[in-house]
Amino acid sequence: MDLAQLYETWKAISVSGGDLTWWQDFFVKFYQAFIEADRWQQYLEGTGTTLVATALALLMGVILGVLVAMVRTAHDQQRPGRRKNPVLGVVNAVFKVYVTVIRGTPMMLQLLIWAFVVFKSRQYTLVGIFGLGINSGAYVSEIIRGGLMAVDGGQMEAGRSLGLNYLDTMRFIVVPQAFKAILPSLGNEFIILLKDTSLLSVISGQELMYFAQAIGTRNYAMMFPLFGAACIYLVLVIIFSWLLGKLERRLRQSDRR
Amino acid sequence: MKAMKKLLAVLLTLGLVFALAACGNNGSENSQTPSQDVTTSEEPAASNEGGSTGDYGEFTTIEEGVLIMSTNAAFPPYEMTTDDGSYEGIDVEIAQAIAEKLGLELQIDNMEFTAALEAAQSGMSDMVMAGVTVNEDRLAVMDFSNTYATGIQVVIVKEGSDVTLDNLGEQLIGVQNGTTGWQFCSDQFGDDHVSAFDNGITAVQALMQDQVDCVVIDQGPAEVFVSENEGLTILETEYAVEDYAIGVAKGNEGLLNAINTALAELQADGIIQSIIDKYITAE
């Protein structure tokens, strides 16, 4: 192959201390980072893991987040003076601690603790995804709680006076309104989550950053692998922001103007 | 009161502007790569600016009178942090000796291993000393001094484990991010058999908890890790032998020659050997 020959020639010049023009140098480093030994496949593999990790962590985060937000909203919206449900109180307190601890400690630290103190498992990527999901759940729960609390109290009163019970009012009246309001923040959280998967490399999770660093290690040239990874993250985020934008527009169709 | 607030706001804004301006200045100074310095050092005026002349030829450093060394101080006994936040180790003392020879003050920047390499390449530090080994691919992106120590890659296992060099390919191997150990192992056994961690200590921690079957790392740190952690042992057969060198930005020949000259003198005086002996006691 022509390019390969070109690469070998110029690399030999560079190694023996000769001067390359900047674009020859650029070509050698680019080739080294992406083409030689089919290294682009490693980026793809890493991107795959990154996407799977994001999807699983997001799923876990949303389930956890909805659960926590429901309990906390139900607790906070009890009427003052009314006898409070003791079970709700206890669960609420537990969830409050969960949110405080997870939001109050750095993600990287949490991942290290999950991997080396709690699980001590060899499934580093899975442990990492679990850690991300737990972390995301805390943030998502606060976003959802904010959305639910923001829906005017009159909506709930109207629903209840029409004879719907609490859950039905939530399901048909409050949640749909809240969902539309929190979608931008949820999208934000999703994008942050996608990028935070890069932290999995700290506990040896084999995602995009891990492979980018591995490739950089081979020749001590970090710049091109890092820029490559940056471009991939950026493209992914742009695609997902676009999809989220579409969803938002779709949800707005029923709005009266 | 309102006027006071306004005044305060104006002052704060001005402060911010100046802070940003200062950043800009710094940036342009830093972006002056050493390779450019070398070309300008042909002129006598420029050579006096950030370097010195003498037995070591003309060379320039990023900051006048200072030799900035980037390293990853989690690699005992070559470099490690002390309790008061300074650094010690074989590389640190050799760097100190080189700096003294060159009439410079040594400044150490501690960071991740890969970042330390990148710092030297991009002109944020004058040199990287972190048990760096030379291979051909790496020569394409940076220059290396003559070697000052021999690095041996060894295998740490748990006592009583049946891991040997022959069945290494069936194990999960822990390595340090950015090291040749990582490179060799993933080339030889594939990524599925290798787990890379940010530093050797994390890898050893994983080994202690059976999260990996063995750790491949340089001998110096390996011996420290084994002596600090009970139940670990080093396999007698070496995994690989290589040479440590100092990395500088590509094309910075002035500094490279100065470092090589200083290294040769230190080697002739036996100072390097005595530094190594101080940290690695012969068995």
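So, how was this worked out
- Residues numbered from 1 in each chain as written.
- Chains lettered and ligands numbered in written order.
- Predicted model: local features only at pLDDT ≥ 70, side-chain atom pairs only at ≥ 80, totals over all residues.
- Helix = DSSP H or I, 4+ residues; strand = E, 2+ residues; numbered from the N terminus.
- Rg over C-alpha atoms; globule rule 2.2 N^0.38 Å.
- Buried ≥ 20, exposed ≤ 12 C-beta atoms within 10 Å, placed from the backbone.
- Contact = placed C-beta atoms within 7 Å.
- Pairing = 2+ DSSP bridges.
- Domains from an automatic or database assignment.
- Axes fitted to C-alpha atoms, helices over the stretch in contact; angles between N-to-C directions.
- Parallel < 35°, antiparallel > 145°, perpendicular 65-115°, else oblique.
- Left-handed = near helix turned anticlockwise from the far one by under 90°.
- Nonpolar A, V, L, I, M, F, W, Y, C, P; charged D, E, K, R; others polar.
- Core = buried A, V, L, I, M, F, W, Y, C linked by C-beta atoms within 7 Å.

Asks: Report on the overall build of chain A, specifying residues and quantitative values.
Replies: A tally of helices and strands in chain A yields ten helices and zero strands. Ordered by position from the N terminus, the helices and strands of chain A form the series α-α-α-α-α-α-α-α-α-α. Against the compact-globule benchmark of 18 Å for 257 residues, chain A has a radius of gyration of 25 Å, which places it well outside the compact range. If one aligns the C-alpha atoms of chain A with their principal axes, the spans along those axes are about 85 × 50 × 25 Å. Out of the 257 residues belonging to chain A, those deemed buried represent 34%. Of the contacts formed within chain A by residues at least 6 apart in sequence, a portion of 72% connects residues at least 24 apart.

Asks: Describe in detail the sheet that holds strand β4 (residues 74-75) of chain B, supporting the description with residues and values.
Replies: Residues and elements named next belong to chain B. Ordered in space as β4-β5-β6, the three strands form an open sheet in which the pairing is antiparallel. Bordering the open sheet on either side are β4 and β6 (87-88), each of which pairs with just one other strand. Looking at chain direction, β4 and strand β5 (residues 79-81) are connected through two bridges and run antiparallel. From the neighbouring strand, F75 faces β5, where its bridge partner is E79.

Asks: Can you tell me about the domain arrangement of chain B, naming the residues and giving the values?
Replies: Residue and element names in this part refer to chain B. Per the domain assignment, the segments of chain B are domain 1 (55-149 + 244-279) and domain 2 (151-242). Taking only C-alpha atoms into account, the centre of domain 1 sits 26 Å from that of domain 2. Between domain 1 and domain 2, the residue contacts involve twelve residues of the former and 14 residues of the latter. Of all the elements in the fold, those that place two or more residues in the side of domain 1 that touches domain 2 are β4, α5 (113-121) and β8 (127-133).

Asks: Provide a residue-level description of the packing of helix α7 (residues 153-161) of chain A against helix α8 (residues 166-196) of chain A, including the pertinent values.
Replies: Residue and element names in this part refer to chain A. It is at 10 Å that the axes of α7 and α8 come closest, and there the two elements cross at 160 degrees. By the angle between their axes, α7 is roughly antiparallel relative to α8. α7 and α8 meet at a crossing whose hand is right-handed. Every residue of α8 that contacts α7 at Q155, M156, G159 and R160 is listed here: T169, I173, V174 and Q177. Residue composition of the contact of α7 with α8, by class: three nonpolar, four polar and one charged.

Asks: Before we move on, can you summarise helix α8 (residues 200-208) of chain B with the specific residues and values?
Replies: Residue and element names in this part refer to chain B. In terms of burial, α8 is a largely internal element, seven of the nine residues being buried. Along α8, the residues classified as buried are G200, T202, A203, V204, Q205, A206 and L207. Immediately downstream of α8, the backbone of D210 shows phi near 60 degrees, a positive value.

Asks: Describe the packing of helix α4 (residues 86-104) of chain A against helix α6 (residues 124-150) of chain A, with residues and values.
Replies: The relative placement of two packed helices comes down to the angle between their axes together with the axis-to-axis distance. Residue and element names in this part refer to chain A. Contact geometry for α4 and α6: axes closest at 9 Å, N-to-C directions at 115 degrees. α4 and α6 meet at a crossing whose hand is left-handed. Where α4 abuts α6, its residues Y98, V99, I102 and R103 lie against I134, N135, A138, Y139, S141 and E142.

Asks: I'd like a description of the nonpolar core, backed by residues and values.
Replies: Of all hydrophobic cores here, the largest spans 91 residues; its most connected members are I156, V175 and V215 of chain B. When we break this core down by domain, the ones giving at least three residues each are domain 1 (55-149 + 244-279) and domain 2 (151-242) of chain B. Formed by 34 residues, the second largest nonpolar core is a distinct cluster that contains A69, F95, I144 and L148 of chain A.

Asks: Tell me what's going on with the interface of chain A and chain B, and back it up with residues and numbers.
Replies: Contact residues are listed per partner, giving 24 residues for chain A and 25 residues for chain B. Within the residue set of the side of chain A that touches chain B, elements represented by two or more residues are α1 (2-15), α2 (22-35) and α9 (208-219) of chain A. Residue contributions to the side of chain A that touches chain B peak at seven residues, all from α9 of chain A. Tallied by class, residues from the side of chain A that touches chain B come to ten nonpolar, nine polar and five charged.

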